[in-house]
Amino acid sequence: MRIAYLDCFAGISGNMVLGALLDAGLSLERLEAELARLGLDGYRIVAGEVRRKGLRGIHVEVETEEQGVARHLHDIEEIIEGSGLPAPVQARSLSIFRRLAEAEARVHGTPVDHVHFHEVGALDAIVDVVGAVTGFWLLGVERAYASHVHVGRGTITCAHGVIPVPAPATAELLKGVPIYGRDVEAELVTPTGAAILASLAAGFGPGPAMRVDQIGYGAGTRELPLPNLLRISIGETLGGAEDGEEAAEAGHGGHGHHDHHGHEHGGHGHGEHGHGEHGHAAHEHGGHDHAGHEHAGHEHGAHGHQEDTAGVDPGEEAPYAGEAAQGPAAGEKPKDRDFLQTREGMLFCVTGYLHPPDRYTAYLKYTPDPGGKWRDGERAYRRELAHYHVSTVAGTLRYLEANYPHYVSDCPVRDIRFSMVPRDCVARYFRPRERLQEILAGPRDALEEETCALVDYIAGLAGLSAHDMGVTGSLLTATHNPDFSDIDLLVYGRAEAALLRDRLGPEGTDEFRRPSAEERAGWCARVAEHHPLSVDEAAYLARRRWNYGYFGPRYVSIHAIRRDEEIDEEYGQRTYRARGLARLRAVLADVSEALFLPAIYRVEGVEVLEGDAEAAGVRAIVSHEGLYCDVAEPGATVEAYGKLEAVNGRVDHLVVGAMEGAGGYIKPPLGTGG
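The structure displayed is predicted, hence computed values, not measured ones. (Residues numbered from 1 in each chain as written. Predicted model: local features only at pLDDT ≥ 70, side-chain atom pairs only at ≥ 80, totals over all residues. Heavy atoms only, no water.)

(A) View of helix H5 (residues 123-138). Look at H5: 21 Å from first C-alpha to last across 16 residues, which is about the 22 Å you get at 1.5 Å a residue. A large share of H5 lies buried, amounting to 14 of its 16 residues. Directly beyond the C-terminal end of H5, a positive phi value near 75° is found at Gly140. (Helix = DSSP H or I, 4+ residues; strand = E, 2+ residues; numbered from the N terminus. Expected span 1.5 Å × (residues − 1). Buried < 20%, exposed > 50% of the residue type's maximum accessible area, 1.4 Å probe, protein only.)

Quick look at the structure:
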């Protein structure tokens, strides 16, 4: 897959994007020819090489004769929809302007239809936006990613007076995007740049594994204390970057049975580390595929996603052999890591245990794509979560909001906005235990045969029944490929999972081998690079990761799932409200629910290190990030940072893995064993 990575170390603006694309090889003549389809006159694109702190880049200025023209959203929609531009370019350009209109409407308290675009509706802004989308399309970019975004700091003076950086509309556009401000007293992100970034980037964080063949630098207009440049790198993904199969880290958010709400969090697994410990490209990992949470969504590069559901019209039911289940088995509750398929053919992974009566809380995992690597009969799919982090899950939400808004909802109980699939939109519901029984009754390929052998081994080792187990990920949906897919095994019940953990032990067994020391060292280095942990702290977590390893040559992950009787909260029984961020130190009193996701640690002796004094009332640390599952034993002292949460009006939780606080962390108790 051809991808782009935007390094926003000096912020981003529309003309910086255009400059970087031109520097990376985009033909100005070809771009101008495409933009001519808009039917707009009175502008000229001037591009030239400049220096910023000694580094070269391309500065673009759109010179216009137009002055004082204000447009409404419908004016811009008419221009774009009436053009002869390719459908993907039109769709993505419209999405950017609609996002801009929604941000302006929110900060000014007016309906979207009443918003007057001034600067962002001017001719140069239209050229910047449509030009950027067209540029990605002409360069063949299928998906874009970005770094955390430097927004600058300080204040600016505008028509509303003196306001802090970023400006209100820009801040609104950057919701869910990881941002930071350092020593530059300036506004580094424009509304146009923020809208382009928020709409096109599928995820934010360190650069994905890719083979770069084009690099471009786009220059901003001002001289700053740092090089005022945007770098865009373009190339092909490597085997582990985007191809990972089930998510290794396993942690998707999920609202736990009780206090678990759900998520803004990402999902199961995390990060770029993928299953992390082994890093074999042959496994199509990079970060397997479950879970979640940590995601990467969709809005690919300049392409709208509509074309990716080739052959599947909205509302058309996907074809299945035989009767397709449309919900959990009779009398059972929906559970973490179940899967479902929508009428459009998209595959979602159910997250957590708390769901509205008419919807399933789930995140987008696979979408139909004729060129996809996962297949179910005649239909092919691509995986939409290349990296697992809270910021990448936000990408799928943006895509769904732009194309399938009925799959995104505000939850008044959990105080979140997340993807939730209406139950009447479910074409098929995949049941992990039933699917495992089907495999055991008649394996159809090498991966299914290895799954049978693994289940036999686990059953004998821990005295479990095959009915205590299930499968998830591509094995569950029967879209797996024996050449690269992993086995993602589910174990139902707290006692059953704890027993298996004890039998496998921290060192694994002859049959279930832990990753090698070299693989673990690589995993630790990646964790330390992408999370606020040291290599020693990551090594501590690696020693406790009993549920990842090899069965024969096949990589395996094992995940604990609550039984129905262990799901003791009904939707609406409790309400959850954010109360800011806090950092605290606490003693773990009860870790019996830390095997599940979300992982729940009952705590005592809370010491508030940062944040409101009411954080001293926290009674549980709740992690939706799989990295921090089962991190320590009772009596250990940990440091944690995350979102304070009131439960039924009382501050009770510190939540790790929420959008706020860049996800947060739990510092493991070094020196306490494990």
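(B) Highlighting helix H2 (residues 28-35). Buried within H2 we find Leu31, Glu34 and Leu35. Down the axis of H2, the buried set is contained in an arc of 95°. They therefore lie on one face. The inward-facing, buried residues of H2 contact helix H1 (14-23), strand E2 (43-52) and H5. (Arc of directions from axis to C-beta. Contact = heavy atoms within 4.5 Å.)

(C) Geometry of the pattern of salt bridges. Tallied over the full model, the rule gives 47 salt bridges. Between Glu332 and Arg433 there is a salt bridge; the shortest N-O distance is 3.7 Å. Taken together, the residues span a long stretch of sequence, with Glu332 in the loop between helix H8 (239-242) and strand E14 (339-342) and Arg433 in helix H10 (residues 432-441) at a distance of 101 residues. In this structure, the salt-bridge partner of Asp652 is Arg650, at a minimum N-O distance of 3.1 Å. (Salt bridge = Lys/Arg side-chain N within 4 Å of Asp/Glu carboxyl O.)

(D) Representation of the packing of helix H11 (residues 446-462) against helix H13 (residues 494-504) within the structure. Where H11 meets H13, the closest approach of the two axes is 9 Å, and the angle between their N-to-C directions is 90°. Looking at the two axes, H11 sits roughly perpendicular to H13. Where H11 approaches H13, its residues Ile458, Leu461 and Ala462 are matched on the opposing element by Leu499, Leu500, Arg503 and Leu504. Its residues placed into classes, the contact of H11 with H13 shows six nonpolar, no polar and one charged. (Axes fitted to C-alpha atoms, helices over the stretch in contact; angles between N-to-C directions. Parallel < 35°, antiparallel > 145°, perpendicular 65-115°, else oblique. Nonpolar A, V, L, I, M, F, W, Y, C, P; charged D, E, K, R; others polar.)

(E) Spatial organisation of the packing of H2 against H5. Across the interface, H2 lies against H5 with an axial gap of 10 Å and an inter-helix angle of 120°. What the angle tells us is that H2 and H5 run oblique. Seen from above, H2 lies across H5 with right-handed handedness. Residue-level inspection shows Arg30, Leu31, Glu34 and Leu35 of H2 in contact with H5, the latter providing Val127, Val130, Gly131, Thr134, Gly135, Trp137 and Leu138. (Left-handed = near helix turned anticlockwise from the far one by under 90°.)

(F) Just unusual backbone geometry, in detail. A cis amide bond links Val165 to the next residue, Pro166, at an omega of -5°. Structurally, the position occupied by Pro166 is in the loop between strand E8 (161-164) and helix H6 (168-173). In this structure, Lys53 is a non-glycine residue whose phi angle is positive, near 55°. Within the secondary structure, Lys53 sits in the loop between E2 and strand E3 (55-64). At Asn648, a residue that is not glycine, the phi angle is positive and equals roughly 50°.

(G) The arrangement of the environment of Pro111 in detail. Note on placement: Pro111 falls in the loop between helix H4 (87-108) and H5. Here the alpha-carbon distance between Pro111 and Ala101, two residues ten residues apart in the chain, equals 9.1 Å.

(H) Up close: the sheet that holds strand E24 (residues 512-513). A sheet is described by the order of its strands in space; here five strands give the open sequence E22-E23-E26-E25-E24, paired in mixed fashion. The open sheet has two edge strands, strand E22 (469-471) and E24, and neither has a second partner. One ladder, built from three bridges, connects E22 with strand E23 (residues 487-492); its direction is antiparallel. From the neighbouring strand, Val471 faces E23, where its bridge partner is Leu489. (Pairing = 2+ DSSP bridges.)

(I) Structural context of the nonpolar core. Counting 61 residues, the largest nonpolar core has Leu6, Leu38, Phe136, Leu197 and Ile232 as its most contacted members. In terms of nonpolar packing, the next biggest core, distinct from the first, is built from 34 residues, Ala594, Tyr601, Val651 and Ile666 among them. (Core = buried A, V, L, I, M, F, W, Y, C linked by side-chain atoms within 4.5 Å.)

Everything listed here is a matter of coordinates, which is why it stays silent on function.
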